[in-house]
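Single-letter residue listing:
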Amino acid sequence: MKTIYKNSVILMVVALLCFSCKEESKKTIATQSIDFTHEGDLSIFLNSSDTVKTKFNIEFAETDYETQTGLMYRKGMDNNQGMLFIFPDERMHSFYMKNTEFPLDIIYIKEDLKIASFQENAQPLNESGLSSLVPIKYVLEVNGGLSQELGLSIGDSISFTRK
């Protein structure tokens, strides 16, 4: 009799445990991919000439949100794409790679549209500050390694247009 009673209690406990457990579906957070938006065109010219070195399709970053977010949360971009940051005035600026998943060349550009300095192959997800070293008004971000591959140098100039 004790064995039957014991087995009944065990079955009841197991049944209670089974029925009292909620089956929760696993919650996954699906992040929406951020696609490139072709908002304008940018050309880079050889230092002291009108010879075009290269052209990029660009997105603009001008608002506080756009400049703080930049290329974060993206998986990458094509080699003919870039993001142009436009600041209200020329001053020192520093960038970092927080939440940026692919290497970038950060090209710092003065108000006169001439390249002032570079941070080449900035490492993904690195939160160290990357200074412009001199006052600048614009920053162009392109895929890491492109500055060297295209032979860009300090003194080269840019021009850009909006679509």
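Scroll up to find the structure this text is about.
### Details of the overall build of the protein chain
Counting its regular elements, the protein chain contains three helices and nine strands. Counting helices and strands in the order they occur from the N terminus, the protein chain gives α-β-β-α-β-β-β-β-β-β-α-β. For the protein chain, with 163 residues in total, the buried portion stands at 36%. In the protein chain, the share of contacts with a sequence separation of at least 24, taken over all contacts with a separation of at least 6, comes to 69%. Total accessible area computed for the protein chain in this model is approximately 10600 Å², and 54% of it derives from carbon and sulfur atoms.

### Focus: the packing of aromatic side chains
A full pass over the atoms with the stated rule returns five aromatic pairs. For the pair F95 and Y108, a centre-to-centre distance of 6.2 Å together with 75° between the ring planes defines the contact as edge-to-face. With F95 in strand 4 (residues 94-95) and Y108 in strand 5 (residues 104-109), the pair connects residues that are 13 residues apart, well separated along the chain. Neither F95 nor Y108 differs from the other in exposure class; each is buried. Seen from their ring centres, Y138 and F160 are 5.7 Å apart, and the 65° between their planes marks the pair as edge-to-face. With a gap of 22 residues between them, Y138 in strand 8 (residues 136-143) and F160 in strand 9 (residues 157-162) connect regions that are remote in the sequence. Ring-pair connections join several aromatic residues into one group, and the members of that group are F85, F87, F95 and Y108. Lying across the ring of F60, R162 places its NZ or CZ 4.2 Å from the centre.

### A few points about the pattern of salt bridges
Taken as a whole and judged by the stated rule, the model has five salt bridges. K53 is paired through a salt bridge with D156; the nearest N and O atoms lie 2.8 Å apart. Residue K53 is located in strand 2 (residues 52-61), and its partner D156 is located in the loop between helix 3 (146-150) and strand 9; the two are separated by 103 residues in the primary sequence. A salt bridge links R74 to E59; the nearest nitrogen and oxygen atoms lie 2.6 Å apart. Of the two residues, R74 is situated in the loop between helix 2 (64-69) and strand 3 (81-91) and E59 in strand 2; the sequence distance between them amounts to 15 residues. As far as burial versus exposure is concerned, R74 and E59 are alike and both buried.

The rules behind the values
Residues numbered from 1 in each chain as written. Predicted model: local features only at pLDDT ≥ 70, side-chain atom pairs only at ≥ 80, totals over all residues. Heavy atoms only, no water. Helix = DSSP H or I, 4+ residues; strand = E, 2+ residues; numbered from the N terminus. Buried < 20%, exposed > 50% of the residue type's maximum accessible area, 1.4 Å probe, protein only. Contact = heavy atoms within 4.5 Å. Areas by Shrake-Rupley, 256 points an atom, 1.4 Å probe, with all protein chains shown as cover. Phe/Tyr/Trp six-rings, centres within 6.5 Å; stacked < 30°, edge-to-face > 60°. Lys NZ or Arg CZ within 6 Å of the ring centre and 35° of its normal. Salt bridge = Lys/Arg side-chain N within 4 Å of Asp/Glu carboxyl O.

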